[in-house]
Each structure stands twice: as structure tokens, then as C-alpha cells.
Amino acid sequence: MKVLETEFARGFIRMANDGWEQGWHERNGGNLSYRMKKEEAEAVIEELDQTRSWQEIGTSVPKLAGEYFLVTGSGKFFRNVKDRPEDSLCIIQLDEQGEKYRICWGLVNGGRPTSELPSHLMNHEVKLEVTGGKHRVIYHAHTTNVIALTFVLPLKDEVFTRELWEMATECPVVFPDGISVVGWMVPGGREIAVATSELMKKYDVAIWAHHGMFCSGEDFDQTFGLMHTVEKSAEILVKTLSMRPDKLQTITPQSFRDLAVDFHVELPERFLYEKK
Ligand code: 2HA
Ligand code: ZN
């Protein structure tokens, strides 16, 4: 089977294009990765080049040793993924130590996997452990309204979670574990990857202040839907704050507790504080 005929590659390409159409991927902004299933790698094994040289990941992810990933390329534009997937994307395989990767497919005009490969792989490694292998998709996007909020809200998990929960009733049901935030850091390296993957032990959403967002999920629908829901809520908050600085009415801590009962979700009390 050809890589581009597989369901996972088609789902990946559709998601990348959906993100582009949302306006989250100016120029080469954002990146996406998918941890392939064994049978998915086997189905396309004839198309995978196993002869290329190994390259340093820049961090160590031993629990992902030997795994295959479909990822966006560094410097590639999400806008082009749909029309030129073989130029924009690549399949990489990790070595037996989880310290190096090699390109097995794609990037036909040269290039490297995403500059945020350390963050993607460290997030995948954490999620493999905490979800028992269920999560396969890690998505980074430059979501306009969430970024705007990182200039005016305190950079605290509790504040972002509570403010975004309040903006749409579905939010606490979609992300009951809340949202985490890291202060501004240099992107692309191991340090921001360590900070983000630490948060991914507890959360499926991590905001990078003045930069964007990372989401983790089981499949393309869930992960795109999570990013979309958080960003939509942020858009409502930006609109509300633009009309006036205070709210006349909102969803109260007790309303959240009532919602939690009916929708069978656990909402941590640390997000349900009384506001001064
Ligand atoms: O340019 O989004 O964080 C890709 C990025 C880096
Ligand atoms: Zn970015």
C-alpha cells in the first residue's frame, strides 16, 4: 500500500489543512506528529527507505525506541501540505536507544523533521505511558486568541482553565483536566520540551506564552477538536473583554459542580475557586 493512500496519512493531511484554514499556521508556523501503529508501518514498509543515516533528536526518548512517526517538515508551510504532502511531510523511525531518527519517506526536496521534534517526541513518550498507548497525535498551532490572552491573563493553569471553562458550557466536558501554561521560553530545544512534557503528564493542553498551543489526543478528530474548542473559547473571551472588562453574569463554581454530576466528569476543585 502507498503511504498517501493510507487512512492515517489522509487523516493527517486533512487535519493539517483544517488547521491552515482556521488561520493557525501563518508561513511555516505550527507542526503535527502522529505515532504510527505497527500494522500501519508494516502496510507501507516497501515504501520506507531504511538506508538513510541516523540523526540526533536532541533529546532522549527510550520508550519510543524503534517507533515510526509521520511528522511535518521543518520550515514547511501547512498551506502546502494538501497539494504537496511528499515535499512537506516525512515518516521517521527512531533508533533502538530512542536518541536518533532517520527519514524513511517524504521530504523529497530535502529537509528535516519539525524544529519542535524534541517537544513532540517527549510529549509522545509521556502520553504513551499515562494513556497506555491510546494517544497518538501531538499538535502545535499558533492559535490567535489563546496567544492574545497570554498578554493579559496571569500565566497560571488555574486562571486559564477557569476563564476558558466559563466561556462555553462544553469546555469543562471537553477538557476536564484543565489547561496548563508555560511562560515564554526559547522554542525548538530540549528545555521547552522538558517543561511541556512534564505538564503533559497531567494535561492534554499546554499553552506556550506569546507563541501558541500544544494538544495531545487519541486521533486526529479528538486532537483537532480539542485545539478548536480551546481556541473558540479563547475567541469568546477576547470578544467579551473587548466589549467590557467585567462580566454581568457567568457560569459559577456551583454550576460547574452540577454540570460535572450530569456529564460524569471530575472537575478538580483547584479550578473552582471563589473570585475576589
Ligand atoms: O515554525 O511553530 O514553534 C514552527 C513552529 C515553531
Ligand atoms: Zn510554534
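Up top you'll find the structure we're talking about.
In what follows, the accompanying structure is described. Bear in mind the structure is a predicted one, so any value in this text is a computation, not a measurement.

## A word on the coordination of the zinc ion (ligand 2)
For step 1, the next point in the chain: Bound to the zinc ion (ligand 2) are the protein donor atoms His140 (NE2), His142 (NE2) and His211 (NE2), situated 2.0 to 2.1 Å from the metal.
For step 2, the next point in the chain: All donors of the zinc ion (ligand 2) belong to a single chain; written as a sequence motif, their spacing is H-x1-H-x68-H. Note that His142 is positioned in the loop between strand E6 (137-141) and helix H6 (144-149) and His211 in the loop between strand E8 (205-208) and strand E9 (212-217), a separation of 69 residues in sequence.
For step 3, the next point in the chain: Residue classification places His142 among the buried positions, given a relative accessible area of 16%.

## Re the packing of aromatic side chains
For step 1, the next point in the chain: Counted under the stated rule, the structure contains nine aromatic pairs.
For step 2, the next point in the chain: Chaining the aromatic ring pairs together yields one cluster made of Phe8, Phe12, Tyr34 and Phe220.
For step 3, the next point in the chain: For the cation-ring pair, Arg162 lies above Tyr273, with the distance from its terminal atom to the ring centre recorded as 5.0 Å.

## What about helix H11 (residues 253-263)?
For step 1, the next point in the chain: Listed in full, the buried residues belonging to H11 are Pro253, Phe256, Leu259 and Ala260. Projected onto a plane normal to the axis of H11, the buried residues spread over an arc of 115 degrees and lie on a single side. Exposed residues pointing more than 90 degrees away from the buried face of H11 are listed as Val261 and Asp262.
For step 2, the next point in the chain: Those residues of H11 that are buried lie in contact with helix H7 (157-166) and helix H8 (171-174).
For step 3, the next point in the chain: One or two positions beyond H11, positive phi appears at His264, with a value near 55 degrees.

## Section: unusual backbone geometry
For step 1, the next point in the chain: One non-glycine residue, Arg27, lies in the positive phi region at around 45 degrees.
For step 2, the next point in the chain: Examined against the element boundaries, Arg27 turns out to sit in the loop between helix H1 (7-22) and strand E1 (31-35).
For step 3, the next point in the chain: Of note, His264 is a non-glycine position whose phi angle comes to about 55 degrees, a positive value.
For step 4, the next point in the chain: In this fold, His264 is placed in the segment after H11.

## Structural notes on the layout of surface pockets
For step 1, the next point in the chain: Taken as a whole, the largest pocket encloses approximately 400 Å³ of empty space.
For step 2, the next point in the chain: Around the largest pocket, the lining is made up of 15 residues, and of these Glu7, Gly11, Asp219, Phe220 and Asp221 lie nearest the centre.
For step 3, the next point in the chain: Residue assignment for the lining of the largest pocket shows that the elements contributing at least two residues are H1 and helix H10 (220-243).
For step 4, the next point in the chain: Ranked by the residues each element gives to the lining of the largest pocket, the list is headed by H1, at six residues.
For step 5, the next point in the chain: A per-class count over the lining of the largest pocket returns five nonpolar, one polar and nine charged.

## Section: H7
For step 1, the next point in the chain: Among the ten residues that make up H7, nine are buried, leaving the element largely enclosed by the rest of the structure.
For step 2, the next point in the chain: Those residues of H7 that fall on the buried side of the exposure criterion are Asp157, Val159, Phe160, Thr161, Arg162, Glu163, Leu164, Trp165 and Glu166.

## Examining the side chain of Ser233
For step 1, the next point in the chain: As for its position among the elements, Ser233 is in helix H10.
For step 2, the next point in the chain: A relative accessible area of 0% places Ser233 in the buried class.
For step 3, the next point in the chain: Apart from the residues within four sequence positions on either side, Ser233 is in contact with Leu164, Met167, Ala168 and Cys171.

## Let's talk about the site of ligand 1
For step 1, the next point in the chain: Around ligand 1, a shell composed of Asn28, Gly29, Gly30, Asn31, Ser115, Glu116, His140, His142 and His211 is seen.
For step 2, the next point in the chain: Note that an oxygen atom of ligand 1 is positioned 2.9 Å from one of the backbone N or O atoms of Gly30.
For step 3, the next point in the chain: Here an oxygen atom of ligand 1 and a side-chain polar atom of His142 are 2.9 Å apart.
For step 4, the next point in the chain: If ligand 1 stood free it would expose 220 Å²; the protein chains cover 85% of that surface.
For step 5, the next point in the chain: When grouped by side-chain class, the residues that make up the shell around ligand 1 number no nonpolar, eight polar and one charged.

## Focus: the pattern of salt bridges
For step 1, the next point in the chain: Scanning the entire structure with this criterion turns up 16 salt bridges.
For step 2, the next point in the chain: Glu235 is paired through a salt bridge with Lys239; the nearest N and O atoms lie 2.8 Å apart. Highlighted residues: Glu235 and Lys239, both in helix H10, separated by four residues, approximately one helical turn.
For step 3, the next point in the chain: When the shortest N-O distance is used, the salt bridge between Arg257 and Glu269 registers 2.9 Å. Pair noted here: Arg257 is in helix H11 and Glu269 is in the segment after H11, with a separation of twelve residues, a long-range link.
For step 4, the next point in the chain: Judged by its relative accessible area of 48%, Glu269 is partly exposed.
For step 5, the next point in the chain: Within this structure, Arg162, Glu163, Glu166, Lys247 and Lys275 form a network of salt bridges that share partners.

Conventions and cut-offs
- Residues numbered from 1 in each chain as written.
- Chains lettered and ligands numbered in written order.
- Predicted model: local features only at pLDDT ≥ 70, side-chain atom pairs only at ≥ 80, totals over all residues.
- Heavy atoms only, no water.
- Donors = N, O, S within 2.8 Å, 3.2 Å for Na, K, Ca; no water.
- Helix = DSSP H or I, 4+ residues; strand = E, 2+ residues; numbered from the N terminus.
- Buried < 20%, exposed > 50% of the residue type's maximum accessible area, 1.4 Å probe, protein only.
- Phe/Tyr/Trp six-rings, centres within 6.5 Å; stacked < 30°, edge-to-face > 60°.
- Lys NZ or Arg CZ within 6 Å of the ring centre and 35° of its normal.
- Arc of directions from axis to C-beta.
- Contact = heavy atoms within 4.5 Å.
- 1 Å grid on protein atoms, 1.4 Å probe; cavity = no way out; pocket = protein on both sides within 12 Å on 5 of 7 lines; lining within 4 Å.
- Points joined across faces, edges and corners; volume = space filled by probe spheres on them.
- Nonpolar A, V, L, I, M, F, W, Y, C, P; charged D, E, K, R; others polar.
- Near = heavy atom within 4 Å.
- Polar contact = N/O pair within 3.5 Å; in protein donor to acceptor, adjacent residues only side chain to side chain.
- Areas by Shrake-Rupley, 256 points an atom, 1.4 Å probe, with all protein chains shown as cover.
- Salt bridge = Lys/Arg side-chain N within 4 Å of Asp/Glu carboxyl O.

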